[in-house]
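In case you want the letters, here they are:
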Amino acid sequence: MTPLKTPPRAGLLACLLLLGACAPSLNWREVRPEGSGAELMFPCKPEQARRPASAQEPAMGLAVCRAGELGFSLSWSEMPRPDMVGPALHAMGEGLRQRLKAPEAAWQALQLPGMTPRPESGQQALIGSGQKARQALFSRGLKVYQLVMLGPKDDELAWQNFVASVRLPQ
């Protein structure tokens, strides 16, 4: 009795199909959004936008992308005075919670390389109507940051990778 042999092309096709099935939906890449002063890994290529400072508004920036059903973003703004940093962080976090119509949620400690320690810094998970979000708020000097992952489902591992990748070099 002779063993069955798979034709070479059929074997190659089977290998390619298996590799395609194993392809990760999150393609992590290092990003340095212009003007942010941050380095981090995004799971997709982010689009970036910036708004210069005006007499009424501080300069702001945003890097955002979608990977599968999840959206990932980093937003930042430079405050004109130190006493505005804490209120700005609070407003960023509260703004997302209100947009999602999510109930109050506990904050967890957050420590990132290069961040300025502040009582308003932290991370939390939010559950809104049809959306789940995770956000982290932090600052470096006068710059405030909000990191967000948003979608119909939660991905704790993706969130941990996203947060752990943040660097705020000098």
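A brief structural summary.

### Regarding the overall build of the protein chain
Within the protein chain, the regular secondary structure consists of 3 helices and 8 strands. N-terminal to C-terminal, the α/β element order of the protein chain is α-β-β-β-β-β-α-β-β-β-α. When the accessible area of the protein chain is evaluated, it comes to approximately 10400 Å², of which 59% is carbon and sulfur surface.

### Side note on the layout of surface pockets
A volume near 160 Å³ is recorded for the largest pocket. Taken together, 13 residues make up the lining of the largest pocket; nearest its centre are His-90, Gly-93, Glu-94, Trp-107 and Gln-124. Counting residues per element, the lining of the largest pocket draws most heavily on helix 2 (residues 85–100), which supplies 5 residues. In terms of residue class, the lining of the largest pocket is made up of 5 nonpolar, 4 polar and 4 charged.

### Looking at the pairing of strand 8 (residues 143–151)
In terms of residue burial, strand 8 counts as a mostly covered element, since 8 of its 9 residues are buried. Sheet topology note: the strand 5 (residues 70–78)/strand 8 ladder contains 8 bridges and is antiparallel. Within the sheet, the bridge partner assigned to Glu-78 lies in strand 8 and is Lys-143. With 9 bridges connecting them, strand 7 (residues 132–140) and strand 8 associate as antiparallel partners. Bridging from a neighbouring strand, Phe-138 pairs with Tyr-145 of strand 8. The hairpin formed by strand 7 and strand 8 contains 2 residues between the paired strands, and Gly-141 there has a positive phi angle of roughly 60 degrees.

### What about the environment of Ser-165?
For Ser-165, the location among the structural elements is in the segment after helix 3 (156–164). Put simply, Ser-165 and Leu-40 are 125 residues apart on the chain and 4.9 Å apart in space, counted from C-alpha to C-alpha. For Ser-165, the residues in contact, after removing those within four places along its chain, are Glu-39, Leu-40 and Met-41. Here Met-41 takes part through its backbone nitrogen, which lies 2.8 Å from a polar atom of the side chain of Ser-165.

Thresholds, definitions, all that
- Along each chain, residue indices are assigned from 1 in the same order as the chain's sequence is written.
- Local features in this predicted model are restricted to residues of pLDDT 70 or higher, and side-chain atom pairs are both shown and tallied only at a pLDDT of 80 or more, whereas totals for entire chains, interfaces and linings draw on every residue.
- Side-chain metrics in this entry use all non-hydrogen atoms of the structure; hydrogen atoms and water are not considered.
- Starting at the N terminus, helices and strands are each numbered in turn, a helix being any DSSP run of H or I of at least four residues and a strand any DSSP run of E of at least two.
- Here the open area of atoms and residues is found with the Shrake-Rupley method and a 1.4 Å probe, where only the protein chains shown may cover a residue.
- Cavities and pockets were defined on a 1 Å grid built from protein atoms only: a cavity is a group of points that admits a 1.4 Å probe but offers it no way out, a pocket is an open group of points flanked by protein on both sides within 12 Å along at least five of seven lines, and a lining residue is one with an atom within 4 Å of any such point.
- Grid points are joined across faces, edges and corners, and a volume is the space filled by probe spheres set on the points.
- Each residue gets one label: Ala, Val, Leu, Ile, Met, Phe, Trp, Tyr, Cys and Pro are nonpolar, Asp, Glu, Lys and Arg are charged, and the others, such as Gly, are polar.
- For the exposure calls, accessible area comes from a 1.4 Å probe over protein chains only, and a residue counts as buried if that area is under 20% of its type's maximum, exposed if over 50%, partly exposed in between.
- Between any two strands, at least two bridges found by DSSP are needed for them to pair.
- Pairs of residues are marked as contacts when any of their non-hydrogen atoms sit within 4.5 Å.
- Polar contact criterion, stated in full: a pair of N or O atoms within 3.5 Å, where within protein one must be able to donate a hydrogen and the other to accept it, and residues adjacent in sequence count only if both atoms are side-chain atoms.

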